[in-house]
Every structure is written in C-alpha cells, then in structure tokens.
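One letter stands for each residue in the lines below.
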Amino acid sequence: MSSPEVALTWLYVPGDRPGVVRKALGSGADVVIVDLEDAVAPDRKEYARKATAELLSDPVTVDPLSVPVHVRVHGEDDVKALAGLPGLAGMRLPKITHAASVHHVAALAPGVPLYPLLESALAIEHAYSIAGAHHAVRGVALGEADLRADLGVQGDPGLDWPRSRVVTAARAAGLDPPVMSVYPDVRDLSGLRSSCAHGRDLGLLGRTAIHPRQLPVIERAFRPTAREVEAAEQILEASRTEAGAQALPDGRFVDAAVVATAERTLSLARRR
C-alpha cells in the first residue's frame, strides 16, 4: 500500500452497502471513500450512517494504516456521528462554497483531515480561501457532475479552467495536487485513459473511481512512463556531476526547477 501522500486511486462505495465496503478494502485502491451523499437514497441515509459508524469502529475490519477510509458526509449529523472513530482517515465535504463551512466542520470534528469538494461556480471563485481555510484541510477537489450542471458545460474542455483553478489554489495553499473527479462510464476504459492523460497535463494527480475495473487504468495513467523515469534519472545524474544550470547533450536545459520535477517523477515511480 502506498502512502496517502502519493495515493492515485480512490474508490467510492455506497455507505448503505457495508458488504461492498468491506470488499472494496481488498480492491487494491489506495483509498476507499464511503459515500453517504449521492450514492445513498434519502430513506437509506440513517442506515448508511449507522452502518458506516459500526464499520469504522471495528479495528479488525478497518486499519487506516493499511487502506485509509474516507467518508463523503451528507450533513452535520454524519460529521458528529463519525468524528473520532478509529477507522476514519478523512472526511470529504460536498458542495463547499465558503471557508466558513470548513471551519464549522473542523470545529465539529477536531483532528479529522478534511477534503472540501468544489461543485459550483461560487466555490471555484473561492477556491483559494477554501483550500487555505484551516490546517485540517489536506486536499481539495472538484465535484464535476454538479459543476458541469451549474456551468452548463459538456465534455472535458469546458472544465479545463476550473480544473486549472483548483490546481493553482491547492498549490498556493501548500496542498497536494487535486485528485480528478470520477469518470462516469465504467465500461469506457479508453475514454477514462484519455481523460486521465488530459487531467495529468493540467496538474491533477490521481482519480476517484466508481468501479474496481477503473483502478488499473487510473494507476497506469498517472504513473510515470519508463521513458519519463529514464529522462528523470538522466537529469538527476547531470545535477550531481555539475552544479548550477546546464544543457544536456541532447539539448535539454537543466536547472533547479527541472531537477525538482525529476525528483517528483522518481518518487512517484517508486510508490510501489
């Protein structure tokens, strides 16, 4: 299991199906996200909350050091019921639009890592203030289904600017790169692969999934290729033999920023 800092695959599972949650823990996902919001029907919310609380209270079933379990909460009742449970590794907060909402949850769940989801035009406008709202915030991401509806856009190109905006906000706030939102067609693995490649070019890292079959595609899409690893190794070798900026024999320019990128590439390549 990789460390949470380099998690690439995040698998959503419905909170009202505890058997499926337990199965997801063995799926190979870096992080399992129990969903108490969109994936659960209104008349199943209370059951989902109780089932998730029971699951997260059982150290035999959930070991946060092995497979971290996050919960996408639906409201304040979920936050209060789950805060402090030993198996909880983080809370994903849907439909956040202001930093004040983050502070409110942080007060209800002290010590719990928080991951606000930006799902509206207003949230995008407040991206940096949300990302830097509280020390409990460990990451931000888009909720793209709601954001598409709010903006009236279709396809990946319409989300390029919001994605870049949240990448910039996360970096400015000292957070890890945002994780991509789900790709909704679980059978279109080619489309998933292409979409991941585009997101990676924009600075996103990793992706949430709604089916285990998507996990290997996401893993491969965000891991460095053999050619990228080789190029990074050449850059680091050159930096060790000669200080300062330089040009490699093939014409590539090497300076401190290029070296830092190469180090990140190799760190990601060594994640397993």
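Residues numbered from 1 in each chain as written. Predicted model: local features only at pLDDT ≥ 70, side-chain atom pairs only at ≥ 80, totals over all residues. Heavy atoms only, no water.

- Per an unreviewed UniProt entry, the protein goes by the name HpcH/HpaI aldolase/citrate lyase family protein and belongs to Streptomyces atroolivaceus.
- Per UniProt, the protein carries the Cofactor (unreviewed entry) text "Mg(2+)". (UniProt positions renumbered as here; feature names shortened; annotations may be inferred.)

1. Observations regarding the layout of surface pockets
Now for step 1: Space inside the largest pocket adds up to approximately 680 Å³.
Now for step 2: Considering the residues around the largest pocket, the lining is formed by 20 residues, among which Pro177, Gly203, Leu205, Arg264 and Leu268 are closest to the centre.
Now for step 3: Broken down by secondary-structure element, the contributors of at least two residues to the lining of the largest pocket are α8 (160-172), α9 (189-201) and α12 (256-269).
Now for step 4: Ranked by the residues each element gives to the lining of the largest pocket, the list is headed by α12, at five residues. (1 Å grid on protein atoms, 1.4 Å probe; cavity = no way out; pocket = protein on both sides within 12 Å on 5 of 7 lines; lining within 4 Å. Points joined across faces, edges and corners; volume = space filled by probe spheres on them. Helix = DSSP H or I, 4+ residues; strand = E, 2+ residues; numbered from the N terminus.)

2. Re empty space enclosed by the protein
Now for step 1: Tallied over the entire structure, the rule returns one cavity of 30 Å³ or more.
Now for step 2: The calculated volume of the largest cavity comes to roughly 30 Å³.
Now for step 3: If you go around the largest cavity, the residues you meet are Ala141, Leu142, Glu144, Arg163, Val166, Pro178, Val179, Met180, Ser181 and Leu204.
Now for step 4: Those elements giving two or more residues to the lining of the largest cavity turn out to be β6 (141-142) and α8.
Now for step 5: The residue inventory of the lining of the largest cavity, partitioned by class, reads seven nonpolar, one polar and two charged. (Nonpolar A, V, L, I, M, F, W, Y, C, P; charged D, E, K, R; others polar.)

3. Considering the environment of Arg200
Now for step 1: Here Arg200 lies in helix α9.
Now for step 2: When sequence neighbours within four positions are dropped, the list of residues in contact with Arg200 reads Ala221, Phe222, Arg223, Pro224 and Glu228. (Contact = heavy atoms within 4.5 Å.)

4. Points about the pattern of salt bridges
Now for step 1: Under the counting rule described, the total for this entry stands at 14 salt bridges.
Now for step 2: The salt bridge partner of Asp16 is Arg44, with a shortest N-O separation of 3.1 Å. Taken as a pair, Asp16 in the loop between β1 (9-14) and α1 (18-24) and Arg44 in the loop between β2 (31-35) and α2 (45-56) lie far apart in primary sequence, 28 residues in all.
Now for step 3: Residue classification places Asp16 among the buried residues on the basis of a relative accessible area of 12%. (Salt bridge = Lys/Arg side-chain N within 4 Å of Asp/Glu carboxyl O. Buried < 20%, exposed > 50% of the residue type's maximum accessible area, 1.4 Å probe, protein only.)

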